[in-house]
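# A look at the structure
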Amino acid sequence: MPDRGGQGFRPRIGPPSRRARVLLLTVGVLVLLFLGFVLFVGLWTDWLWFRSVHYSSVFSTEVWTKVGLFVVFGLLMAVVAGLNIWLAHRLRPPLSAMSVEQQSLDRYRMGVAPYRRWLLAGISLAVGLIAGAAAAGQWRLWLLWTNATDFGVKDSQFHLDVSFYAFDLPWYQFLLGFAFSAVVVSLLAALLVHYLYGGLRMQGPGRRATTGAQGHLAVLLGLFVLFKAVAYWLDRYALAVKTGSYKGVPGYTGLRYVDANAFLPAKTILFCVAIICALLFFLTPIRRTWAPALIGFGLMALSAVLIGGLYPALVQQFQVKPNEQAKETPYLKQNIDATRQAYGIAGSQSQQYTPTATADAGSVQKDSRTISDIRLLDPNIVSPTFQQMEQQRSYYGFPSTLDVDRYSTPGGVQDTVIGVRELNPNGVQQHNWINDHFKYTHGYGVVAAKGNQVNGNGQPVFTESGLPATGSLGDYQQRIYYGENTTTYSIVGGSNHEIDNTADGGAQTYQYTGDSGVSLDNPLTRAAYAVKFSEPQILYSGAITKGAKVLYDRTPKERVAKVAPWLAIDGDPYPVVEGGRLTWVLDGYTTSDGYPFSSRTTLGDATKDSLSSERGEVVGDADQVNYIRNSVKATVDAFTGQVTLYQWDATDPVLKTWMKAFPGTVQPQSAIPADLLPHLRYPQDLFKVQRDLLGMYHMTDPNAFFNGTDIWQVPVDPTNDSKQVQPPYYLTLRMPDMPAATFSLNSTFVPSGRGNLAAFMSVDSDPGPDYGRIRILTVPSDSNTPGPTQVQAKFNSDSTVASQITLLKNGSDSNLDYGNLLTLPVGGGFLNVEPVYVKGSGSNYPVLQKVLAVYGNDNVAFQGSLSDALTKVLGTAPGATGTAPGGGSGTTPPAPGGGGGSLDPALKQALDAIQKANTDAQNAFKAGDWVAYGAAQKALQDALNAAVAAEPKSAGAPAPSASATPSAPSAAPPLAPSPAPSSAPPSAPPSAAPSASP
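The numbering scheme is per chain: residues are counted from 1 as the chain's sequence reads. It should be noted that, the model being predicted, local features are given only for residues of pLDDT at least 70 and side-chain atom pairs only at 80 or more, the latter also being counted only at that level, while totals for whole chains, interfaces and linings use all residues. With hydrogens and water excluded, all non-hydrogen atoms of the structure serve as input to the side-chain values.

Cis geometry is found at the peptide bond from Leu467 to Pro468, where omega equals -5 degrees. Labels follow the DSSP assignment, with helices taken as runs of H or I lasting at least four residues and strands as runs of E lasting at least two, numbered in each case from the N terminus. One can find Pro468 in the loop between β10 (460-465) and β11 (470-471). The backbone of His54 sits at a positive phi, close to 65 degrees, despite the residue not being glycine. One can find His54 in the loop between α1 (18-52) and α2 (56-90). For His54, a relative accessible area of 56% gives the class exposed. Residues other than glycine seldom take positive phi values, yet Asp553 does so here, at roughly 50 degrees. With respect to the helices and strands, the residue Asp553 is situated in the loop between β17 (548-551) and α17 (556-563). Here the term buried applies to any residue with accessible area under 20% of the maximum for its type, exposed to any over 50%, and partly exposed to those in between, with areas from a 1.4 Å probe on protein chains only.

Here's what the structure looks like:
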């Protein structure tokens, strides 16, 4: 039977039964409990981890800052939105107009009425949660703003301290964005409510808006325009950090002529227009007409087009373009100066260097230390050789790229290639949960070899090898629980016996005695980690006994990034063995994108080279930056996992700001252990950023910059097919203006679009007064000095070299690997050296077979030893010790006092004086006595000169190190040039500014 509507019967669906309601309620509660427990697990395990590494203050500061921002801004947004919804409902007309439109809205009003309060609360809560979550993500801005430290440098346009742009302006822009969001949300909600309840009408005769709706909406629109006025005012300052592309610089930042003379006054005028327009909106409820406000808003929009858009375009077209160079020169100068200052390249020293085609014996003799330390062992190639010769067990392995450091030997400081024998889970024969997480837990020892030598078979000359490792590094804790390749969690302690150094007689076991890790004695903690690692066996496994601990987040970069979330971490941690410990050293960068007039760069792009995929990339939240400092040296103990942060640049205001935000987390520079200090070095990623900028910003003359007459670029790596730029390389070498060789980080430049050499860049990497000083040798454009790609082309095209390469390959039985192509200033010219490795068909690791060398334009050598190659291209090879098969002995020269012969008394006295001066320098640094430190450095140089003079008298004795700085104190590069060390206060480290004298 049809019903009254003419429709068929419909089954009536009643409310769910009591049992169904209870079931649904139970399921809902269980889901909420599970979600709550998952959230709890994340917070609880993070708290336990931070507490285990003694950085719980970092966790609490970050969490409470996020919570505070979430609550304050979430509550503020919820109140603003809810208040406007309530007000719009309160201002509804008592009777709605009789129209078709209003009659159709009646059913919606009736449907909403029973749930009005719930809807109000729900909408307010929803927008509050969204706003709170967005605000919590700005915790870094809040901490920077509340702990801001002045830079002591003012911008050239507005004469405000740089801290305003770096710390204040970003926070003000966030607040303004939040205010805009609150007004827009309120405006949309008010429009909807007013329309729903008849305050606004689209149809029917009479007024379209009631008096109440008109006043409410006018005030909201007035607030929007008022905030736009504030935005115009802040935009004036934002011009100083505005980024665009100009003159071949993609991230060019700062005002140009049109900005200073058109956009800046336009923003000021628009600010005034917006203020007037806002006042007209605020007067609308009184005047009860939209006309003045709408006219004012239209004029503001027209002004934005004409004054903010058309006028600057006219200025650019008719004032700038006809005489662009003259107009832009002052602003280019501001950009050049600010960029060089912000990236720490303002103190770089350039000198003209006209390379000679041939070298005389006297000139070459001055660079004997450079020649003796030429690195034949390429750390990017010989990892398979280390693996083959020193892996010892299948479950150990070495990283694909090894590291370069320097270690003291009886003959002086030796550039050393070092690799850590880490655990390689892929080599474990039997995979199960117990083996993977309880038994195979750690690596064992390091392997080190001389960088400048190979033995008679082309293999490394190891100074530390074996399992357990023995050699020149002395006794140290060799177990490696924290390393670059240690990415899984391990459960140690309790009754767990781990597989240790496995000897031929049988497996050795070990129980972890370090104090790191999180205890699993608490059942709640075990349940939390069972959820965290998605492994239920953690909850009930009998293998976890009293005293067991879980180790996780075990890579050095992970650990430093967690305890210092405000740092960007260099992509290449390196191991140091000193003081009985194996320690990972990492370089931390403080960055900003708010340095006025300084051009921005992308860290990921600037630090990319042919080896970045193997070495790793910069870790950090910031990618677009225009200010960077290597302000922190961090260490991670390979056995305990303990993370320590040391202040390296005491002048960096960004670091000072973060130290206020996280007090007690960064140790002073003086706390760096004396044994560790000589191993600290200039970081590669910072160097790569600086060389990328120097390709353009070595031109300090704005006219040359404008014309782009001398743009440099880093050459493509000619030794592989990656098409990426050549990586920098660590070497001990002497720059032409230096009295002695130092451990340096080096690179080359070629002119844009050409292959000849344009410049050679070197930065002092030895901790000491000259640490961080950039030296550049600029090559005349008409010298036709070959760059790396041209040098490689000479090697490949030389008929003698080609025939010998064919013989080495034996048809297709062997593969050749070209090692690092090193360009070195030697004897008044440039010496290029490249080791050549052969990987035979029956072996899976490369051995050094030949050495390529070229000096000048045409002098090419391809010999079995470095000494023979240098003799051919230089006529002499002073100090060359590295050999290849057939090239003579590859053993270490006899040490003083060893079986290689007796020492001349004068040489022995000089070596003793070197040791004493070195010790005096370290003691003076710790005491902050820079007068005594300078005297010790002078005594050290005098002793080195005496040792060099006495060397020929001592048959068979090696040359002493010419470096005066391996164990000298460090001095971070200052933000701005500072006085020489003699005038510095005792509490400050010696300056590395160009004016500083050693």
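Next comes the rest of the description.
Next up on the list: helix α9 (residues 291-320). Any helix carries an expected span of 1.5 Å times its number of residues minus one. Look at α9: 40 Å from first C-alpha to last across 30 residues, which is about the 44 Å you get at 1.5 Å a residue. Along its length, α9 shows its largest kink, about 30 degrees, at Leu310, and proline Pro312 lies within four residues downstream of that point. All buried positions along α9 are accounted for by Ala293, Gly296, Met300, Ser303, Pro312, Val315, Gln316 and Val320. At its buried positions, α9 is contacted by α7 (211-238), α8 (257-287) and α10 (324-342). We define the bend at each residue as the angle formed by axes fitted to the 7 residues ending at it and the 7 residues starting at it. We call two residues in contact whenever any of their non-hydrogen atoms come within 4.5 Å of each other.

On the surface, a cluster of nonpolar side chains totalling about 990 Å² of accessible area is made up of Trp64, Val67, Phe70, Val71, Leu75, Val79, Leu83, Trp86, Leu125 and Leu129. Broken down by element, the residue count for the nonpolar patch peaks at eight residues, all from α2. Residue classification places Val71 among the partly exposed residues on the basis of a relative accessible area of 44%. Each patch groups residues whose relative accessible area exceeds 30% and which form no salt bridge, using 9 Å between like charges and 5 Å between nonpolar side chains of Val, Leu, Ile, Met, Phe, Trp and Tyr. Areas reported as accessible are Shrake-Rupley estimates using a 1.4 Å probe. Residue values count occlusion only from the protein chains shown. Whenever a carboxyl oxygen of Asp or Glu lies within 4 Å of a side-chain nitrogen of Lys or Arg, that contact is scored as a salt bridge.

With that settled, the discussion passes to helix α13 (residues 383-390). Those residues of α13 lying buried are Ser383, Thr385, Phe386 and Glu390. Looking straight down α13, one finds its buried side chains confined to an arc of 155 degrees; they lie on one side. Tucked inside the fold, the buried residues of α13 contact β6 (412-420), β9 (446-454) and β10. The first or second residue beyond α13 is Gln392, which carries a positive phi of 70 degrees. The arc refers to the directions leading from the helix axis to the C-beta atoms.

This brings us to the environment of Asn857. Its place among the elements puts Asn857 in the loop between β34 (847-855) and β35 (859-863). In this structure the C-alpha to C-alpha distance between Asn857 and Thr356, which are 501 residues apart in sequence, comes to 9.7 Å.

Right, let's get into the packing of aromatic side chains. The aromatic pairing rule takes the rings of Phe, Tyr and Trp, using the six-membered ring of Trp, and pairs them if the centres are within 6.5 Å, calling planes under 30 degrees apart stacked, those over 60 edge-to-face and the rest tilted. Going through the model one piece at a time under the given rule, you end up with 48 aromatic pairs. Measuring from centroid to centroid gives 6.4 Å for Phe164 and Tyr172, while their planes differ by 55 degrees, and the two rings are tilted. The exposure class assigned to Phe164 is buried, which follows from its relative accessible area of 14%. The class for Tyr172 is partly exposed, based on a relative accessible area of 30%. With a centroid separation of 4.4 Å and an interplanar angle of 55 degrees, the aromatic rings of Tyr481 and Tyr512 are classed as tilted. With Tyr481 in the loop between β12 (479-480) and β13 (490-493) and Tyr512 in the loop between β15 (509-510) and β16 (518-519), this residue pair connects regions lying 31 residues apart in the sequence.

Moving on: the sheet that holds β16. We treat two strands as partners when DSSP finds at least two bridges between them. Read across the sheet, three strands follow the order β13-β17-β16 without closing on themselves; strand pairing throughout is antiparallel. Among the strands making up the open sheet, the edge pair consists of β13 and β16. With two bridges joining them, β16 and β17 adopt antiparallel strand pairing. Bridge assignment links Ser519 to a residue of β17, and that residue is Lys549.

With that settled, the discussion passes to the pattern of salt bridges. For the coordinates displayed, the defined rule picks out 22 salt bridges. The partner of Asp373 in a salt bridge is Arg369, with the nearest N and O atoms 2.4 Å apart. Arg369 shares its class with Asp373; the two are buried. When the shortest N-O distance is used, the salt bridge between Arg681 and Asp572 registers 3.4 Å. Of the two residues, Arg681 sits in the loop between β25 (666-667) and α21 (684-697) while Asp572 sits in the loop between β18 (568-569) and β19 (574-578), which places them 109 residues apart along the sequence. With respect to class, Arg681 is no different from Asp572; both count as buried.

The next thing to look at is the sheet that holds β10. The strand order across the open sheet built from five strands is β5-β6-β9-β10-β11, with neighbouring strands paired in antiparallel fashion. Strand pairing shows two members of the sheet lacking a second neighbour, β5 (403-409) and β11, which therefore form its edges. Two elements, β10 and β11, share two bridges in a ladder whose sense is antiparallel. Note on β11: the bridge partner recorded for Ser465 is Thr470. Along the sheet, α13 contacts β6, β9 and β10; its crossing angle with β10, the most-contacted strand, is approximately 60 degrees. Axis lines are fitted through C-alpha atoms, for helices just across the contact stretch, and the angle between N-to-C directions can take any value from 0 to 180 degrees.

Within the fold, Arg734 resides in the loop between β27 (729-733) and β28 (742-751). Here the side chain of Arg734 touches Pro736 through a polar contact of 3.4 Å, landing on its backbone oxygen. Residues in contact with Arg734, not counting those within four places in the same chain, are Lys366, Asp367, Thr370, Pro739, Ala740, Ala741 and Pro825. Polar contacts, as used here, are pairs of N or O atoms within 3.5 Å; protein pairs need one atom able to donate a hydrogen and one able to accept it. Residues neighboring in sequence count only if both atoms are side-chain atoms.

Read these as layout, nothing more, since geometry by itself doesn't imply function.
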